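Residue-level structural notes
Below, each chain spelled out in residue letters.
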Amino acid sequence: RAMSQENVEIVKAAIDAFDREDWDALIQAAAPGFELDWSRAMSPLSGVYGLDQVRRFLAEFTEYWESVRTESHEFIEAGDRLV
């Protein structure tokens, strides 16, 4: 079964929103049950964040860096998920 081009476009748009620090657009692209699991991070931001908390996490996370950019090289279909 071929990877859904629509799903790839959603992920690319979310990555672009992250790079622009456009948290509203990034959150809009997320699935309703989205969770960011940062619980294994050795960081003051360690924890699990739902959609209602991820904006605060991202704002704090990006404060640690001069700039933040994501570079994707490949999209892989894993069942009903895209990694």
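For the structure given in this document, a descriptive report is provided here. (Residues numbered from 1 in each chain as written. Predicted model: local features only at pLDDT ≥ 70, side-chain atom pairs only at ≥ 80, totals over all residues. Heavy atoms only, no water.)

1. Points about the pattern of salt bridges
Basically, it comes down to this: By convention in these notes, a salt bridge is any Lys or Arg side-chain nitrogen within 4 Å of a carboxyl oxygen on Asp or Glu. Helix and strand assignments come from DSSP, with helices taken as H or I runs of at least 4 residues and strands as E runs of at least 2, each series counted from the N terminus. Three exposure classes are used, based on accessible area relative to the maximum for each residue type with a 1.4 Å probe and protein chains only: buried under 20%, partly exposed in between, and exposed over 50%.
This structure, assessed with the given rule, holds five salt bridges. Among the ionic pairs, R69 bridges to D19, the shortest N-O distance being 3.4 Å. A residue pair is termed long-range when its members are at least 10 positions apart, and R69 in the loop between α3 (51-63) and β3 (77-78) and D19 in helix α1 (residues 5-20) qualify at 50 residues. For D19, a relative accessible area of 23% corresponds to the partly exposed category.

2. Topic: the nonpolar core
Convention followed: The term nonpolar core refers to a set of buried residues drawn from Ala, Val, Leu, Ile, Met, Phe, Trp, Tyr and Cys, joined through side-chain atoms within 4.5 Å. Whether two residues touch is decided by their heavy atoms; if any such pair falls within 4.5 Å, the residues are in contact.
Ranked by size, the top nonpolar core spans 14 residues in total, and within it F18, L26, F57, L58 and F61 carry the most contacts. Broken down by secondary-structure element, the contributors of at least two residues to this core are α1, α2 (23-29) and α3. Contacts of F61, omitting those with residues within four sequence positions, involve F18, W38, L45 and V68.

3. Some thoughts on the layout of surface pockets
This is how it is decided: Space inside and on the surface of the protein is sampled on a 1 Å grid over the protein atoms alone, with a cavity defined as a set of points where a 1.4 Å probe fits but cannot get out and a pocket as an open set with protein on both sides within 12 Å along at least 5 of 7 lines; lining residues have an atom within 4 Å of a point. Grid points are joined across faces, edges and corners, and a volume is the space filled by probe spheres set on the points.
There is about 530 Å³ of room inside the largest pocket. Of all the secondary structure elements, the ones that give two or more residues to the lining of the largest pocket are α1, α2 and α3. Taken as a whole, the second largest pocket holds about 320 Å³ of empty space. Lining of the second largest pocket is provided by N7, I10, V11, D80, R81, L82 and V83. Among the secondary structure elements, those contributing two or more residues to the lining of the second largest pocket are α1 and β4 (81-82).

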